[in-house]
Amino acid sequence: MRRREGLAKLTGRELYTDDLAVPGCLWGATVRSPAPRGRIREIRYSDSVDWSEFTVVDHRDIPGPNEILLIESDQPVLAADRIRHMHEPVALIAHPSRDAVRRALGAISILVDPEPPILDFLADPGPEQIQHGSDNVFSRLEISKGDVDRVLANAARIIEGEYHTGAQEHVSIEGQAMLAWCDGDVLVVKGSMQCPYYVQKALIHALARDSDHVRVIQAPTGGGFGGKEEYPSTVALHAALLTLKAGAPVKIVFERGEEMVATTKRHPARIRHRTAVDGDGRLLAQDIDVVLDAGAYATLSPVVLSRAIIHAAGPYHCDHVRIRGRAVLTNAVPFGAFRGFGAPQTQFAGERHMDRIARIMAIDPVDLRRQNLLRDGQSTSTGQVISDGTDREAVLDRALELSDYRARSDAHAEFNWTHPYLRRGINFATIFHGAGFTGSGEVYLDSRVHLAGLPDGTVEVLTANSEMGQGATTIFVQITCEHLGLAPDEVIVADPDTARVPNSGPTVASRTAMIVGRLIERAGDDLIAQLGLAPGTRGSAVREAIIAWHQVHSGEALLGTAVYKPPSTVQWDDEKYRGDAYGAFAWATYVAEVEVDLRTCGVRVTDFVAVQEIGKVLNETLARGQIQGGVAQGIGWALFEECRWENGAMANPQLTNYILPTSADLPPLRVEFLENPYEHGAQGAKGIGELPIDGPAPAIVNAIATAMGVDPCRIPLTPEVLMQLESGVPR
Amino acid sequence: MPIAGGTDLLVDWHHRLGAEEKTLLDLSRLAPQRSLEWTRDSLTLGALTTYWDVIVNRQARKEFPLLESAARQVGAIQIQSRGTWAGNIGNASPAADGVCVLMAYDATVLLASVDGDEEVPLSDYYLGYKRSRRRPEQLIRSIRIPRRRTTAQVFEKVGARRAQAITKVGLAICRSEAGWRVVAHSVAPTVRRCPSLEALLEAGAQISSPADLLPAIRQDVAPIDDLRSTAVYRETVLSRLFHSAVADRGIGRRDEP
Amino acid sequence: MNGSTGERKTISFTLNGESVSMEVTARERLLDLLRYRLGLPGTKEGCGEGECGACTVLWNGLPVDSCLVPAFQAEGRTIETIESVDPAALGPFHEGGATQCGACTPGVVITARWILDNPGLLKTHTVRELMAGNLCRCTGYDGIIESIEAALDTQGGN
């Protein structure tokens, strides 16, 4: 099936938030802190501006608690007295002219009495730098399996490694954008977001309103990648405060520079491995330590840390595993959700470490993976017994075959011997990614979905899940059509609007197709039952029954409903952090071929092969697009994308200095799927969206290590960094 | 302030409040200025000639391949179609790819004002960072490039990616009957010729390793650390690119025709 | 033109085949003119610094970043925006996964159309080089590049 809204997007007719022409609308903007930490002494409004023309809001205008509702709710909507990071929102202004707003921002100064910031997440904070608890640690988690200390103490061979990953900016091409207005006594917020119900809850909390008086609508959203998971709550609150005070609609649209300095990014991380290995390369014990830079507020860091540590040991069997993780405060902009959610960081470390183990032990890296890959009946670090019937070795073998790994390795060895300055290498990473919320998360979400039968026989899908480019709308239509035997023009998808759709949970964690899609199927079953049809009825019989039902029940709503129920086999212990972390994992091997120019240490990715098992592929074009897009972001994170920091703020907030790969920088990204349908996913689907960002960085850096004989342990691996490592390489 | 293609002037324009309060003098309607004029001795680029105009000009590609090479590496089509060679000179950025290759070809800049025309060699044009000999009342009327028999020429641009990249370090080498020209960019406050490196080539000096070049490079340029790269990287890469051009491609060999 | 004096200037140009005449200031960018004054929001702003290409329009037949064009320079020019593109020509793009979130898409389609209108470019350039001025964060570019190649094939067959 072709993308539902594809033609609207291709012709520029899809209207995003900034495209909506709203009569009488004011432009809102955020006044931000000029310091990383301190007490606000004064907000000074210069006389050069006629402030009577402006709506001005500060923390005193917030009707409810000055908190952005999230895990810890420690982040203020607008800083009241204390500043915790550069560019933290302090006040808001609005005016009909956008240029007037820009000029006015320059006429406001925030005077801050500085306090000592902590800017290095690996440094021990001094007493005057403590800002959370006794040690600035937001969250601490531990996974423990077997007896790591005993095995390490007796091990003949322990291999250690320390790995660092950098922050990454989402750079959705549409930035944060939010429109707010009042419809009678109902506050309406429409904008770019992944999770309308998160936004609604945040508005209810800080504005002290009930859900009947807060309506949130997702506008067409130009990319998310996690950047529009929790952050839009802040922008929505700001637009709402301005509209409530101004009595006029208000739009806030971030320009690129503001987007880059002010919004969340991928958590920087440091991961240490100590691994006991026997002579054949069997993993005897894994001792892993994970530290995430959380930035100034907790945001989603505790759950990012959770996913990070659960994926840290890789898709391997090992009887003795200990993974300790902590997310620590710094006075940097808060880090938050980003595709992969901690797993890319720990799998970069894990797969780079596996490659180093192979090199140090002189074991073939393929054999090392093959030896340790999880087999059915074996368990992950949390003790989750894997028994999905996937042939994980087949995934590895297919990737090596498709990339011509062996022959190219040999050819490169010869090439590298003769070429004066080019070095080629091919290498790979073996990865996994758990789909859906972790552990009991899906149970707490209590997601529900409606399928409405409309009077003309059309079926309408009602969920809170957003289309942000990943193809949710198309997949929902496809699942409904397939399940009920309908044609695509007999199915419509409701806009995510809290006044109309039930809360089917957030559009995150690779859960939409697998979990919400399955709920759509079950809501379809419920619809059939309500129509008095036999289970499994499909096609025109369904349509005719819907029309007939409305003839009898004129003016009533016909709603099939489904509420999430966990598969009975899934057991998770939140206290001990043990059990079935995810309903399903996707499995993959990614192979990268690189060419390094020793003169410049510039790296070109010359081939990339991504083979994965993701359950049933629902839509080949969309699935391939998800993998290729994720791989491109992963290549960016590995080689190009570097956040330069100054006082905890991004010092390179321009697309000319924060480098995304262009079409000329990437080779064709070759994608292949192996299918093993997952019984609890829609039509057998597992999650797909995040998996592809886990593999590129380790595959590429492993390939660079092979090409040059260096041992890089840090990304982004820019030419400047690589040159420092390479100094010893003979030319 | 004169404006032609606007590709430098309008960057981040919405935040450069007041930038437009200078009087903008729109040159873009002087259509005849968008030309490539050939005489027996020279090629003259008009004040409005764009990168794209050169890229699609077969004769220019053939005779001045470094112009094409540099032009194709400036931004991408959206910049190549609007950005002008004269603007690249006028903006006076040390990272100007167009200036680097023009200088390697010994181009001269024709400055015009009510007081008359003045022709300045591009290699003498810059006084310092973002400073040039052009007086406020002067406009760049054209750029003249002498037609010579060229026996060797190389342009190397190192940016953070393969398109849409501001140069971190760049190098042009050209040998003609006028001698060797070596020009480096993004390694000094201005794009500049490298007389010490030129002298090495003129003398046919043996260069056995990039490190041998560092004393000459340090006389010629002064790279810095900034957002885009480091001084060490720039100096090292410059030495390696130069060495590679001379050693691996053999362009400095005396026996070359 | 001078912005501090609030000087306005009337310009006339051809937009998507029709003549347009309007007053502009020194401060306006072509992008703002199109989006906020001419009711053509299909052209997107992605960065405001000429890097991402989301605001690409055809300017006398060549792709330009409309965020880098002062509106007053439009006088006498021919400008085509995404709104001028024939939907019927977009089949290969729809089929091939050329769009995901859609924010870069109008710029991508404009540059693609320029390539399709000038297939001779491919004698000297690759599609990947010609598309390098349009950043896309969703597709990894394969969907875009393959769609253009498919459209070129269709065109060649005609």
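Notes on the structure in this doc start here. Owing to the predicted nature of the structure, the values given are computational and were not obtained by experimental measurement.

### With respect to the overall build of chain A
Assigned secondary structure in chain A consists of 19 helices and 28 strands. For a compact globule of 731 residues, the expected C-alpha radius of gyration is about 27 Å, and chain A comes in at 26 Å, within 12% of that figure. Oriented by its inertia axes, the alpha-carbon framework of chain A measures out at about 75 × 70 × 50 Å. Expressed as a percentage of the 731 residues in chain A, the buried residues total 66%. Considering only contacts within chain A whose residues lie at least 6 apart along the sequence, 81% involve residues at least 24 apart.

### Thoughts on the packing of helix α9 (residues 365–372) of chain A against helix α10 (residues 392–402) of chain A
Residue and element names in this part refer to chain A. Between α9 and α10, the least distance of the axes is 10 Å, while the angle of their chain directions is 160°. One finds that α9 runs roughly antiparallel with respect to α10. Both α9 and α10 take part in a crossing whose hand is right-handed. Listed contacts from α10 to V366, R369 and R370 of α9 are E393, L396, D397 and L400. For the contact of α9 with α10, the residue count by class is three nonpolar, no polar and four charged.

### Comments concerning the sheet that holds strand β17 (residues 448–453) of chain A
Residues and elements named next belong to chain A. A sheet is described by the order of its strands in space; here four strands give the open sequence β19-β18-β17-β20, paired in mixed fashion. Only two strands of the sheet have a single partner each, and these edge strands are β19 (491–493) and β20 (558–563). On average, each strand axis in the sheet is inclined to that of its neighbour by 20°, with strand direction left out of account. The sheet contact formed by β17 and strand β18 (residues 459–462) spans four bridges and is antiparallel. The partner of A452 across the bridge, within β18, is E460. Seen against the sheet, helix α13 (residues 472–484) touches β17, β18 and β19 and runs at an angle of roughly 150° to β19. Contacts between helix α14 (residues 512–530) and the sheet are confined to β17, β18 and β20, with β20 contributing the most and set at about 135° to the helix.

### Brief notes about the interface of chain B and chain A
Counting residues at the interface gives 29 residues for chain B and 28 residues for chain A. Contact between chain B and chain A buries roughly 2,400 Å² in total, counting both sides, with carbon and sulfur atoms accounting for 53%. Ranking the residues of chain B by area buried against chain A places B:R161, B:L227 and B:R240 at the top, with a combined share of 29%. On inspection of chain B and its partner chain A, the count reaches three salt bridges. Ionic pairing is found between A:E726 and B:R240, a salt bridge with its closest N-O pair at 3.1 Å. Our enumeration of links across chain B and chain A arrives at 14 residue pairs in polar contact (both at pLDDT 80 or more).

### Section: the state of the cysteines
Across all of its chains, the model carries zero disulfides over all chains by this definition. In this structure B:C174 is not part of a disulfide, and its nearest cysteine sulfur, from B:C100, lies 11 Å away. Looking at C:C138, it has no disulfide partner, and the nearest cysteine sulfur is the one in C:C101, 3.8 Å off.

### With respect to the packing of aromatic side chains
Remark: the centre distance and the inter-plane angle together describe each pair of aromatic rings, the angle taken between the planes. All names here are of chain A. Under the counting rule described, the total for this entry stands at 17 aromatic pairs over all chains. Here Y45 and W51 contribute two aromatic rings whose centre-to-centre distance is 5.2 Å and whose plane-to-plane angle is 80°, an arrangement assigned as edge-to-face. Using a relative accessible area of 26% as the deciding quantity, one classes Y45 as partly exposed. With 5.7 Å between their ring centres and 75° between their planes, F335 and W645 make a pair best called edge-to-face. With F335 in the loop between β15 (321–329) and α8 (343–361) and W645 in strand β25 (residues 645–646), this pair connects stretches of sequence that are 310 residues apart. Assessed through its relative accessible area of 35%, W645 is described here as partly exposed. An aromatic cluster is present here, built from F432, Y582, F585 and W587 joined pairwise through their rings.

### Description of the interface of chain A and chain C
Opposite the 54 residues of chain A that make contact, chain C presents 44 residues. Roughly 3,900 Å² of surface becomes buried between chain A and chain C when both sides are summed, with 54% attributable to carbon and sulfur atoms. The largest share of the area that chain A buries against chain C comes from A:L10, A:I173 and A:S663, three residues that together contribute 21% of it. In this structure, the connection of chain A to chain C is made through seven salt bridges. The interface formed by chain A and chain C contains 26 residue pairs in polar contact (both at pLDDT 80 or more). Per-element tally for the side of chain A that touches chain C: the top contributor is helix α16 (residues 620–640) of chain A, with eight residues. Looking at the side of chain A that touches chain C, its residues break down into 19 nonpolar, 19 polar and 16 charged.

### Some details on the sheet that holds strand β14 (residues 283–295) of chain A
Residues and elements named next belong to chain A. Strand order in the open sheet made by the six strands is β7-β15-β14-β13-β8-β28, with mixed pairing throughout. Only two strands of the sheet have a single neighbouring strand rather than two, namely β7 (137–145) and β28 (714–715). As paired strands, strand β8 (residues 158–165) and β28 are joined by two bridges and run parallel to one another. Following the sheet pairing, H164 is matched in β28 by R714. Here helix α7 (residues 301–310) sits on the sheet and contacts β7, β14 and β15; the angle it forms with β7, its principal contact strand, is near 25°.

Thresholds, definitions, all that
- Residues numbered from 1 in each chain as written.
- Chains lettered and ligands numbered in written order.
- Predicted model: local features only at pLDDT ≥ 70, side-chain atom pairs only at ≥ 80, totals over all residues.
- Heavy atoms only, no water.
- Helix = DSSP H or I, 4+ residues; strand = E, 2+ residues; numbered from the N terminus.
- Rg over C-alpha atoms; globule rule 2.2 N^0.38 Å.
- Buried < 20%, exposed > 50% of the residue type's maximum accessible area, 1.4 Å probe, protein only.
- Contact = heavy atoms within 4.5 Å.
- Axes fitted to C-alpha atoms, helices over the stretch in contact; angles between N-to-C directions.
- Parallel < 35°, antiparallel > 145°, perpendicular 65-115°, else oblique.
- Left-handed = near helix turned anticlockwise from the far one by under 90°.
- Nonpolar A, V, L, I, M, F, W, Y, C, P; charged D, E, K, R; others polar.
- Pairing = 2+ DSSP bridges.
- Buried area = accessible area lost by both parts, 1.4 Å probe.
- Salt bridge = Lys/Arg side-chain N within 4 Å of Asp/Glu carboxyl O.
- Polar contact = N/O pair within 3.5 Å; in protein donor to acceptor, adjacent residues only side chain to side chain.
- Disulfide = S-S within 2.5 Å.
- Phe/Tyr/Trp six-rings, centres within 6.5 Å; stacked < 30°, edge-to-face > 60°.

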